[in-house]
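One-letter residues, chain by chain:
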Amino acid sequence: HVCIEGETGVGKTTFIKEVLEKQPWCTVFYGIKELAACARCNNGTVPILFLDEINAQGRQFNCLEGLYTGGVVDDAGNYHPTNPHMRVVSCQNPKEYGGERREIEFLKRHPNTITFTALPDDYLASKYNLDKVLLQVFKKVPGLTPRELEMMQLMPDPHYAAYLIARCALPLSKQKDFTYWFTGRFPLKTPHIDIDLGDFELTESRQEICSLMCDLLSVRKKRKSGGLGAISLMGLPGDGKSLFAEAICRAMNLRRVEPHEIGTVDVDAYCKVPAKMNEVDKRKILLTAFHAGQVVIEEEANVAKPLESLHNAILMGYDEEGKSAEKDGFFIIRTQNDLTSKGRRPA
């Protein structure tokens, strides 16, 4: 077993999907549900069970102990002798990220971790063909990930997108300085938004976020396994976040359907998922919307129980079993109240 640790966006999962999976000497199985199939694999290759976000799945993975004794026990309690060549590769973000992350007993007993660091700047600049503006923004905000760079290139105005995406990647305390730096070097003008939001009044202060959301929704079907597949709207209770999200969806010709109807209509659609929806139903709706290429508005995301492992997978373009979306276009709009509000946590 080996565990790959690294910050979000450094390419841990991409390495598995784009490099390891394509090797002729191995067969990659995705998720703990594939434990039995991986153990039984006898096709002449090395069977590898890949567990993404292992420290955010709410379990200790003691079932993997059998890797060292010749047999594993699945979630149904069935024993499976293992192929002697079977291996497990897991990925995790640092536990300091918080959320559902916890120390895994199996990893403590069998420590074997390698760390992925960010790809070199020169490589990323070349891979994404960054022009002068994008290159300077990238160097100014070193925390930008390949996902964010790819999204900038997909947007109708890559330079304006670079400004918005890079600024959002910074803490609030540094955003004003970044705006000053950017506007001192490059022209910046918020695009005029000619959009009908119905009864929702688009104030000047919301022009910028409206522009970004419209652009993200307009290019969502071009996004494959990279780019950004979600946006979070944070504010005080009652300031219209959900109404704003719905108004934009309607203006972008998305039809509202009930959560249980998502994926059953033959037009672009969105649904709202309330914070109090139970975990099983929410998981089902997210997976259905993912494969149908539809849009989900998750309300009060920092109140509801997080589904970090699932979110991380579907926002990368595949489900927890490693299957790609059946149809492009999936997107999540998450609304959440300010962290100072009672009962809220980082989402």
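> Before we move on, could you go through the sheet that holds strand β10 (residues 269–273) and cite the residues and values that matter?
Spatially, β8-β12-β11-β10-β9 is the arrangement adopted by the five strands of the open sheet, whose pairing is parallel. Of all the strands in the sheet, the pair left with one neighbour each is β8 (230–235) and β9 (255–256). Relative to strand β12 (residues 331–337), β8 is paired through six bridges, and the arrangement is parallel. Paired with Ala 230 across the bridge in β12 is Ile 332. Taken strand by strand, helix α10 (residues 241–251) contacts β8, β9, β10, β11 (295–298) and β12, and its axis lies near 160° from that of β12.

> How would you summarise unusual backbone geometry if you had to cite specific residues and measurements?
The phi angle at Phe 61 is positive, at roughly 60°, despite the residue not being glycine. Relative to the elements of secondary structure, Phe 61 occurs in the loop between β3 (46–51) and β4 (71–73). Phi is positive for Asn 129, close to 50°, though the residue is something other than glycine. Tracing the chain through its elements places Asn 129 in the loop between α4 (121–127) and α5 (132–140).

> Kindly report on the packing of aromatic side chains, identifying the contributing residues and their values.
Under the counting rule described, the total for this entry stands at 13 aromatic pairs. Geometrically, the ring pair formed by Tyr 68 and Phe 106 is tilted, given 6.3 Å between the ring centres and 45° between the ring planes. With Tyr 68 in the loop between β3 and β4 and Phe 106 in helix α3 (residues 105–109), this residue pair connects regions lying 38 residues apart in the sequence. A residue is classified by how much of its surface remains accessible, and Tyr 68, at 45% relative accessible area, is partly exposed. Among the aromatic residues, ring-to-ring pairing joins Tyr 160, Tyr 163, Phe 178, Trp 181, Phe 182 and Phe 186 into one connected group. A cation sits over an aromatic face here: Lys 17 above Tyr 318, 5.1 Å from the ring centre.

> I'd like a rundown of helix α8 (residues 172–183), residues and numbers included.
For α8, with 12 residues, the first-to-last C-alpha span of 17 Å sits near the 16 Å given by 1.5 Å per residue. Every buried residue of α8 is listed here: Gln 175, Phe 178, Trp 181 and Phe 182. Considered in projection along α8, the buried side chains sweep an arc of 125° and stay on one side of the axis. The exposed set on the far side of α8, more than 90 degrees from its buried face, consists of Ser 173, Lys 176, Asp 177 and Tyr 180. Residues of α8 that are buried sit in contact with α5 and α7 (158–168).

> Could you give an account of the environment of Thr 145, with specific residues and numbers?
By the secondary structure assignment, Thr 145 is in the loop between α5 and α6 (146–154). On the basis of relative accessibility, which here comes to 12%, the residue Thr 145 falls in the buried class. C-alpha separation for the pair Thr 145 and Ile 54, spaced 91 residues apart in sequence, amounts to 21 Å. The residues contacting Thr 145, other than those within four sequence positions of it, are Thr 8 and Gly 9.

> Outline α10, supporting the account with residue identities and numerical values.
Taken across its 11 residues, α10 has eight buried, putting it largely inside the fold. Residues of α10 that are buried include every one of Lys 241, Ser 242, Phe 244, Ala 245, Glu 246, Ala 247, Ile 248 and Cys 249, and no others. One or two residues past the end of α10 sits Asn 253, with phi positive at roughly 65°.

> I'd love a proper account of the state of the cysteines, names of residues and values included.
One pass over the structure, following the stated rule, counts zero disulfides. Considering cysteine sulfurs only, Cys 41 is the nearest to Cys 38, which forms no disulfide, with 6.6 Å between them. Residue Cys 38 is classed as buried on the basis of its relative accessible area of 0%. Unpaired in terms of disulfides, Cys 249 finds its nearest cysteine sulfur in Cys 214, a separation of 9.5 Å.

Parameters at a glance
All residue numbers refer to position in the chain's written sequence, counted from 1. Side-chain atom pairs in this predicted model are given and counted only at pLDDT of 80 or more, local residue features only at pLDDT of at least 70, and totals for whole chains, interfaces and linings cover all residues. Neither water nor hydrogens contribute to the side-chain values; these are computed over all heavy atoms in the structure. For two strands to pair, DSSP has to find at least two bridges joining them. Strands here mean DSSP runs of E at least two residues long; helices mean DSSP runs of H or I at least four residues long; both are numbered from the N terminus. By definition, residues are in contact when any of their heavy atoms lie within 4.5 Å. Convention adopted: a line fitted to C-alpha atoms gives each axis, helices being fitted over their contacting stretch, and angles between N-to-C directions are expressed from 0 to 180 degrees. Within 6.5 Å between ring centres, the rings of Phe, Tyr and Trp (the latter by its six-membered ring) count as paired, and their orientation is classed by plane angle as stacked under 30 degrees, edge-to-face over 60, tilted in between. Exposed residues in this analysis have more than 50% of their type's maximum accessible area, buried residues have under 20%, and partly exposed residues fall in between, with area computed by a 1.4 Å probe over protein chains only. Geometrically, a lysine NZ or arginine CZ counts as sitting over a ring once it is within 6 Å of the ring centre and also within 35 degrees of the ring normal. A helix is expected to reach a length of 1.5 Å times the quantity of its residues less one. The arc refers to the directions leading from the helix axis to the C-beta atoms. Two cysteine sulfur atoms form a disulfide, by the criterion used here, when they sit within 2.5 Å.

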